[in-house]
Amino acid sequence: MIIEDEHLTTAYRKLKRLVYYDKTDLNLRQRLADFECDPNFNERLLAVKKVINSDDPFHESVFTGWLNEISFRVVPKSLEKGRTSENGKADSGGKFISNVTSEKNYDVEKVNYFFDGPIEVHLVAMLWIMFEGQVLDTQLGKECYGSRLDTSLGNPNDSSAGLFLKYHELYARWRDSGIRKAKQLLTEEHTNVCILGLDVQEYYYHIRLDFNVIAQFIHEAIFEEADQSESAWARSKLLRCLEAICVAYRKKIAPLLQLTHHHVPLDAGIPIGLCSSPLLANWYLRDFDHAVKTQVRPAYYGRYVDDILLVVPTPEDPSKTGSPVANFMDRILVHAGILHAPKDDRYEITEPGNLFLQQSKCILQYFDAKHSIAGLEKFQKKLEENGSDFLLMPVDEADNSLEDVAYELLYEGSVNKFRSVKGMAENRYELAKHLARQTILHLLTDDPPDPKISLGLRKFFKGKNAIEFHDLWERVFTFFLIADDPKAEKAFTKHLQSEIKRVRFKDKPSITKHLVNNLEAHLTLCLAMSGALGEPEMPLLENDRATSKDAFRRANLIRHHFVRMPLLNYTSYSGSLTTRSVEKMVESDHGKLGLSPRYVNFDECLLLAKSGDVKLNKQPAFQWAQDIYRVINRGEIEGIEWDSISVSKEESNDGL
């Protein structure tokens, strides 16, 4: 196997698109932007090619240097419930419910570790997927929905930027298929059903891979007849590099992992945040999938990485004999030998071992065909409404205050009785939706900033919410930028800086230090991502060391849906991307076109060509649009047929 220049370019484009569509890991986004803005960009790419093509890449000094650079980030997963929680505190003196979430300290209950390493390491993992890892995906059944590879990966001439299929479509298919099957059994076959939802506890941390087994599996899948002249392991240079990456990462997080995940074996775990990990995580449960399908034979079985859903026809109500969940699990999965009997509130998966399902988090829903299934139908309808939700629809919700959408009361009994209120909870989905609507509305109008919205956001992000919803900071800053409200942005930044300092992890100062530092770094990157849409602080010179904001802009890793004029960010224009007009003609930027992180539709190309703001080099607009479409997407336009139209000389010069 020899890595050629075109393979490296394709791997980089696949990595860039993967990072571009990720909404959470701004640290990797910054690394990629810095990598692309590096004056030695081409040399660094070629270094990956040289290492992989060497006889012994994992012992190359350059590769070991990359391994030494591997690090990690620690982010809060959940906070401990303090004196206020979503459920009111009840005692003999009554029930206490409060909207105050501010406290002296915010104790983090659980944390997650994310991989942080040089882009060269990510490219090695991407090349492994392209040349070897894609074989693992082909061996998975249709019941596996999460992180499935694009079919282009199986093509030896693949030069596309696609990697994984769209995750939201896969997730909707996984969830909706199970609900539809349950409804079919109930309404058409008049059969009682149970819907069982399972979740593997801390899945990525407990995966214990045998890379020799993976090498043999790939070897046998690619070569029909085993080549005895060289072992499968010796052939898999990329896989051996990947194992070295995983080992180096585990060594880095081991000291802290023993403090936060003391039950996790030190030889287990794969990096969260490395592109190869979702593929390996899917493949690792292949034996479990086979056992469920052949021994349980449910009406529906679907797995979204570590989230498991089963629909099982059931002759009798499981609640009639003891604990319904425990009895059902025992009858369906334990007796079949798929799970071991529960111990310490956990079921262990038989094959592979060292994977656990928390008994308290197993969800069982029972539906009797003779009774109403309105609850199931209402749930399905709500999912469909959310799946087809538009940023600007329905319009009458645009005037709702943030408090109207971001909070919901929790009831115990009738919703019409005040005493039925048991607490109040934040609604992440509705808040994100409301923010998106308001931001887009400001893009479409010239309305001045609304102080009520700014005040509502600052109130919502007070106390623990500031930390719990840190993944929404960037959206808030983007809203302030597009609404042209720099005062609100400044006040919000100062407020978050104050709240971050209150974060702590029990009595472990080393973990606390990592959490605070990473949250502060995340805040800086959120500001940079939103700021990249605005006016640059200084002219972007080709050989200058770019700031994070400038690097995001140069590498075109901004959020494109907030650019007012289509594809303006693919040109030499250097002003605010939220502008409505361009003062002087600009030119297309060939570097940005050739390394586009996303697929660009032809109508966007044509709108740019017809804008009157870009130089067409004496080409008709449609021809120029075709050319840039071809450069961006590495292919011809499909699905469009051109009619032969005679165009006058004046129209041709005009771009018609």
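Rules behind the numbers
Residues numbered from 1 in each chain as written. Predicted model: local features only at pLDDT ≥ 70, side-chain atom pairs only at ≥ 80, totals over all residues. Heavy atoms only, no water. Helix = DSSP H or I, 4+ residues; strand = E, 2+ residues; numbered from the N terminus. Buried < 20%, exposed > 50% of the residue type's maximum accessible area, 1.4 Å probe, protein only. Contact = heavy atoms within 4.5 Å. Areas by Shrake-Rupley, 256 points an atom, 1.4 Å probe, with all protein chains shown as cover. Axes fitted to C-alpha atoms, helices over the stretch in contact; angles between N-to-C directions. Parallel < 35°, antiparallel > 145°, perpendicular 65-115°, else oblique. Left-handed = near helix turned anticlockwise from the far one by under 90°. Nonpolar A, V, L, I, M, F, W, Y, C, P; charged D, E, K, R; others polar. Core = buried A, V, L, I, M, F, W, Y, C linked by side-chain atoms within 4.5 Å. Domains from an automatic or database assignment. Expected span 1.5 Å × (residues − 1).

**Student:** Explain the overall build of the protein chain here, please?
**Tutor:** The secondary structure content of the protein chain amounts to 26 helices and 13 strands. In the protein chain, buried positions account for 50% of the 656 residues. For the protein chain, the proportion of contacts with a sequence separation of at least 24, taken over those separated by at least 6, is 71%. Per element, the accessible surface of the protein chain, about 32700 Å² overall, is 50% carbon and sulfur.

**Student:** I would appreciate a short explanation of the packing of helix α19 (residues 473-482) against helix α20 (residues 486-500) in the present structure.
**Tutor:** In helix packing, the relevant descriptors are the interaxial angle and the interaxial distance, both defined with respect to the helix axes. At a minimum axis distance of 9 Å, the contact between α19 and α20 shows a crossing angle of 160 degrees. Classified by the interaxial angle, the pair formed by α19 and α20 is roughly antiparallel. Crossing hand, α19 versus α20: left-handed. Contacts between α19 and α20 involve Trp473, Val476, Phe477 and Phe480 from the former and Ala488, Glu489, Phe492, Thr493, Leu496 and Ile500 from the latter. Classifying every residue of the contact of α19 with α20 gives 8 nonpolar, 1 polar and 1 charged.

**Student:** Please clarify how the environment of Thr547 should be interpreted in this entry.
**Tutor:** If you trace the backbone, Thr547 turns up in the loop between α21 (509-531) and α22 (548-554). Of the residues examined, Thr547 reaches a relative accessible area of 38% and is grouped as partly exposed. Residues Thr547 and Asp34, 513 residues apart in the sequence, show an inter-C-alpha distance of 8.5 Å.

**Student:** Is there a simple way to explain the nonpolar core in this structure?
**Tutor:** What tends to happen in soluble globular proteins is that the nonpolar side chains get buried as a cluster. Ranked by internal contacts, the top residues of the largest apolar core, which has 187 residues, are Tyr113, Trp128, Tyr203 and Phe461. The element best represented in this core is helix α10 (residues 237-260), accounting for 12 residues. Lining this core are residues from two domains, each supplying at least three of them: domain 1 (5-70 + 117-365) and domain 2 (563-633). With sequence-adjacent residues up to four places away left out, Trp128 is seen in contact with Gly133, Leu136, Ile218, Leu238, Leu239, Leu242, Ser276, Leu279 and Leu280.

**Student:** Explanation requested: helix α1 (residues 5-21) in the structure shown.
**Tutor:** Working note: α-helix, 3.6 residues per turn, so residues spaced by three or four point in the same direction. Helix length check: α1, at 17 residues, gives a terminal C-alpha distance of 25 Å against a target of 24 Å (1.5 Å per residue), a fit within 8%. His7, Leu8, Thr10, Ala11, Tyr12, Arg13, Lys14, Leu15, Lys16, Arg17, Val19 and Tyr20 are the residues of α1 that are buried. Looking at the buried positions of α1, the neighbouring elements they touch are α2 (26-37), α3 (41-52), α5 (119-138), α23 (590-594) and α25 (621-633).

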